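Below are the chains, spelled out letter by letter.
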Amino acid sequence: MRTYLTKGYSLAICCKDCPRCLEWTPEDLVEKFGERTHIKIADIAARLSCSGEEGCRSKEVAVFPHLYDGPWSWTPPDDEG
């Protein structure tokens, strides 16, 4: 997570069973995970599914970095946790 935030990446989440694809921007990642920047993306991916009103409920999703091109910056916390 820390690498994504430091380099300005979003987390792209795409369903393998339907055309749904969404993006968690750096701002979304901070909102969802707060100071827990030590979390590995692989650990997050294992818990994701295509859920919500538009989702097909599949647990088969792909996650990958997407360079966020919107106006946003992140200042890392002092501790390297």
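See the structure printed just above.
These notes cover the structure that comes with them. In this text, all values refer to a predicted model and were calculated from it rather than measured experimentally.

### Overview of the nonpolar core
- Counting 13 residues, the largest nonpolar core has Met1, Leu11, Trp24, Leu29, Phe33 and Ile44 as its most contacted members.
- In this structure Phe33 touches Met1, Trp24, Ile39, Ile44 and Arg47, once residues within four positions along its chain are discounted.

### Observations concerning the sheet that holds strand β1 (residues 9-15)
- Reading across from one edge, β2-β1-β3 is the order of the 3 strands in this open sheet, with antiparallel pairing throughout. Only two strands of the sheet have a single neighbouring strand rather than two, namely β2 (21-24) and β3 (61-67). Each neighbouring strand pair of the sheet contributes to a mean axis angle of 25 degrees, computed without reference to strand direction.
- Of the strand pairs in this sheet, β1 and β2 are connected by 4 bridges, and their pairing is antiparallel. Of the residues in β2, the one forming a bridge with Ile13 is Leu22.
- Each of β1 and β2 touches helix α2 (residues 26-33); the most contacted strand, β2, lies at about 75 degrees to it.

### Here's the deal with the layout of surface pockets
- Looking at the largest pocket, its volume works out to about 160 Å³.
- The wall of the largest pocket is formed by 13 residues, among which Ile13, Arg20, Leu22, Ser49 and Ser51 lie closest to the centre.
- Elements that contribute at least two residues to the lining of the largest pocket include exactly β1 and β2.
- Partitioning the lining of the largest pocket into residue classes produces 9 nonpolar, 3 polar and 1 charged.

### Structural notes on the packing of aromatic side chains
- Taken as a whole and judged by the stated rule, the model has 2 aromatic pairs.
- Here the guanidinium or amino end of Lys32 rests over the ring plane of Trp24, the centre of that ring lying 4.6 Å away.

### Looking at unusual backbone geometry
- A positive phi angle, close to 75 degrees, is found at Arg57, a residue other than glycine.
- In this structure, Arg57 sits in the loop between α3 (41-45) and β3.
- The exposed category is assigned to Arg57, whose relative accessible area is 55%.

The rules behind the values
Residues numbered from 1 in each chain as written. Predicted model: local features only at pLDDT ≥ 70, side-chain atom pairs only at ≥ 80, totals over all residues. Heavy atoms only, no water. Core = buried A, V, L, I, M, F, W, Y, C linked by side-chain atoms within 4.5 Å. Buried < 20%, exposed > 50% of the residue type's maximum accessible area, 1.4 Å probe, protein only. Contact = heavy atoms within 4.5 Å. Pairing = 2+ DSSP bridges. Helix = DSSP H or I, 4+ residues; strand = E, 2+ residues; numbered from the N terminus. Axes fitted to C-alpha atoms, helices over the stretch in contact; angles between N-to-C directions. 1 Å grid on protein atoms, 1.4 Å probe; cavity = no way out; pocket = protein on both sides within 12 Å on 5 of 7 lines; lining within 4 Å. Points joined across faces, edges and corners; volume = space filled by probe spheres on them. Nonpolar A, V, L, I, M, F, W, Y, C, P; charged D, E, K, R; others polar. Phe/Tyr/Trp six-rings, centres within 6.5 Å; stacked < 30°, edge-to-face > 60°. Lys NZ or Arg CZ within 6 Å of the ring centre and 35° of its normal.

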